[in-house]
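# Coordinate analysis (summary)
One-letter residues, chain by chain:
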Amino acid sequence: MLRSRLTSSLRTRGGSGEGVSRWRSDGHQDRPNGYLFNRTPPPPGQSRKWEDWELPCYVTAFLTVVILGVGLNAKPDLTLESWAHQKAVERLHSQNISTSTDKSD
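For clarity, every value in this text was computed on a predicted model and none was experimentally measured.

## Section: the overall build of the chain
- The helix and strand inventory of the chain stands at three helices and zero strands.
- The order of helices and strands in the chain, counted from the N terminus, is α-α-α.
- Of the roughly 10,500 Å² of accessible surface on the chain, a fraction of 60% belongs to carbon and sulfur atoms.

Below is the structure:
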């Protein structure tokens, strides 16, 4: 009885390939038509119209690249290697000053 219920529910949902399917309708293509994103090109002399989502998406992507580019290049250098290099230079500088004062005596 359970098996018959499952198979009948699959048939009514379109699982057998007959009738109405929730995953496929008349507007969908089975195979690509050879154009980029399956969009036919506009007639000669006409440009493609932008969709509503394109301008905000492109502006946001451009601003993200600019903000990340500027922000990552302007961040302070907080690596351990640069800190150790700075301390070593300070130590060498202080040793040179102390040895130069000792030589003048």
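Don't stop here, the text continues.
## Description of the environment of E54
- Turning to its location among the elements, E54 is positioned in helix α2 (residues 54-74).
- With near-sequence residues (within four places) excluded, E54 lies in contact with R48 and K49.

## A look at a nonpolar patch on the surface
- Side chains of W50, W53, L55, Y58, V59, F62, L63, V66, I67 and V70 sit close together on the surface and give an oily, nonpolar patch of about 1,100 Å² of accessible area.
- Here I67 shows up in helix α2.

## Some remarks on the pattern of salt bridges
- This model, assessed by the stated rule, comprises three salt bridges.
- Between R48 and E54 there is a salt bridge whose closest N-O contact spans 3.1 Å.
- Given the relative accessible area of 39%, R48 is considered partly exposed.
- The class for E54 is buried, based on a relative accessible area of 3%.
- As a salt-bridge pair, E90 and K87 come within 3.8 Å of each other at their nearest N and O atoms. Of this pair, E90 and K87 both sit in helix α3 (residues 80-104), three residues apart, roughly one helical turn.
- Residue classification places E90 among the partly exposed residues on the basis of a relative accessible area of 39%.

## Brief notes about the packing of aromatic side chains
- Here the structure, examined in full by the defined rule, presents two aromatic pairs.
- Ring geometry for W50 and Y58: centres 5.5 Å apart, planes at 80°, overall edge-to-face.
- Among the aromatic residues, ring-to-ring pairing joins W50, W53 and Y58 into one connected group.

Scoring rules and cut-offs
Residues numbered from 1 in each chain as written. Predicted model: local features only at pLDDT ≥ 70, side-chain atom pairs only at ≥ 80, totals over all residues. Heavy atoms only, no water. Helix = DSSP H or I, 4+ residues; strand = E, 2+ residues; numbered from the N terminus. Areas by Shrake-Rupley, 256 points an atom, 1.4 Å probe, with all protein chains shown as cover. Contact = heavy atoms within 4.5 Å. Patch = residues over 30% accessible without salt bridge, like charges linked within 9 Å, V, L, I, M, F, W, Y side chains within 5 Å. Salt bridge = Lys/Arg side-chain N within 4 Å of Asp/Glu carboxyl O. Buried < 20%, exposed > 50% of the residue type's maximum accessible area, 1.4 Å probe, protein only. Phe/Tyr/Trp six-rings, centres within 6.5 Å; stacked < 30°, edge-to-face > 60°.

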